[in-house]
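Descriptive structure summary
One letter stands for each residue in the lines below.
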Amino acid sequence: MTGITALPIRLRDTDRVALTEHFLALDADDRRLRFGASLSDDAIRALDERIDFDRDEIFGIAGDDLRLLAVVHVAFYPAKAELGLSVLPGVRGLGLGNALFSRAVMHLTNRGVREVFVHCLSQNGAMMHLARKNGMRVVHDGSETDAYLALPSATPGSILAEWVFDHNARIAHDFRRGTRLALDAMQAMTPRPARQRRAA
Ligand SMILES: CC(C)(COP(=O)(O)OP(=O)(O)OC[C@H]1O[C@@H](n2cnc3c(N)ncnc32)[C@H](O)[C@@H]1OP(=O)(O)O)[C@@H](O)C(=O)NCCC(=O)NCCS
């Protein structure tokens with residue numbers, strides 16, 4: 001890992017703008033890999049408006065500038081859940097996708113969900129690799145692929161581990177947000193050097 005803190009935080013309705021910006025930062029190819037179609041900017045905005053933060057769970061990893069670098073959307077179905085991951089191109093291959101996957105699995109285990117799956121294009125080498133690395137059963141169906149993972153039962157230890165993880169992630173995030181706001185405020189208050197008078 002680099003300087004990025006790979007501690008996913010739970011996103012809330014107040015993070016909706018940051019989430020939209022994250023999806024808009026994906027190019028046409030990435031949008032196709034993530035959503036199954038190269039959605040237009042307007043379609044992305046409409047999609048984001050439909051995300052229900054009470055029903056679904058969304059975890060994100062932010063950079064020092066608080067921009068969302070990586071996001072996993074967890075959609076619930078009866079007895080199972082689907083993951084949709086996206087990591088911005090500049091920070092791929094650093095383990096953020098894997099960190100999001102693990103965080104989502106931790107959450108689903110503790111919610112009593114018995115199976116998680118990922119649906120993606122068969123050509124998606126990175127996602128296929130991530131799925132296999134996490135022990136998922138990969139089922140190809142032509143150009144599309146589903147990967148499944150059976151989840152264990154929750155234990156008091158797994159519930160405590162999630163609570164501690166959430167707590168630490170939120171503290172780290174709030175600290176970075178506070179630092180960012182303080183730096184921005186200091187910058188705004190610093191007087192700019194007077195513009196040099198042009199020689200006559
Ligand atoms: C798939 C995606 C989420 C992975 O995110 P990431 O942060 O790069 O993931 P990680 O760094 O944790 O792991 C990526 C792994 O895939 C490997 N990888 C990358 N490209 C690969 C490829 N074309 N073929 C095989 N493996 C590949 C990396 O080497 C790394 O493996 P390692 O950890 O064993 O070294 C990211 O590429 C992405 O957002 N893609 C566009 C959207 C998308 O495809 N979403 C998935 C649909 S649900």
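Located above this text is the structure these notes cover.
Residues numbered from 1 in each chain as written. Predicted model: local features only at pLDDT ≥ 70, side-chain atom pairs only at ≥ 80, totals over all residues.

Considering the overall build of the chain
Counting its secondary structure elements, the chain contains 6 helices and 7 strands. Its helices and strands taken in sequence order, the chain reads β-α-α-α-β-β-β-α-β-α-β-β-α from the N to the C terminus. Seen along its three principal axes, the alpha-carbon backbone of the chain occupies a region of about 75 × 40 × 30 Å. The long-range share in the chain, meaning contacts at least 24 apart out of those at least 6 apart in sequence, stands at 63%. (Helix = DSSP H or I, 4+ residues; strand = E, 2+ residues; numbered from the N terminus. Contact = placed C-beta atoms within 7 Å.)

A word on the site of the ligand
In the vicinity of the ligand lie 23 residues, with Leu33, Arg92, Gly97, Asn98 and Gly125 positioned nearest. In terms of residue class, the shell around the ligand is built from 10 nonpolar, 9 polar and 4 charged. (Near = placed C-beta within 6 Å. Nonpolar A, V, L, I, M, F, W, Y, C, P; charged D, E, K, R; others polar.)

A closer look at the packing of helix H4 (residues 96-110) against helix H6 (residues 156-189)
Following both chains from N to C, one finds H4 and H6 inclined at 135°, their axes separated by 10 Å at the closest point. Judged on the interaxial angle alone, H6 and H4 are oblique. For the element pair H4 and H6, the recorded crossing hand is left-handed. For the pair formed by H4 and H6, the contact residues are Met106, His107, Thr109 and Asn110 on the first element and Ser158, Ile159, Glu162 and Phe165 on the second. (Axes fitted to C-alpha atoms, helices over the stretch in contact; angles between N-to-C directions. Parallel < 35°, antiparallel > 145°, perpendicular 65-115°, else oblique. Left-handed = near helix turned anticlockwise from the far one by under 90°.)

Description of the nonpolar core
Counting 36 residues, the largest nonpolar core has Ile61, Val72, Leu83, Leu96, Leu100 and Ala104 as the members making the most contacts within it. Those elements giving two or more residues to this core turn out to be helix H1 (16-24), strand S2 (57-62), strand S3 (68-77), strand S4 (80-87), H4, strand S5 (115-121) and helix H5 (125-133). No other element matches the 8 residues that H4 contributes to this core. The contacts of Leu83, once residues within four sequence positions are left out, are Val72, Val74, Phe101, Ala104, Val116 and Val118. (Core = buried A, V, L, I, M, F, W, Y, C linked by C-beta atoms within 7 Å. Buried ≥ 20, exposed ≤ 12 C-beta atoms within 10 Å, placed from the backbone.)

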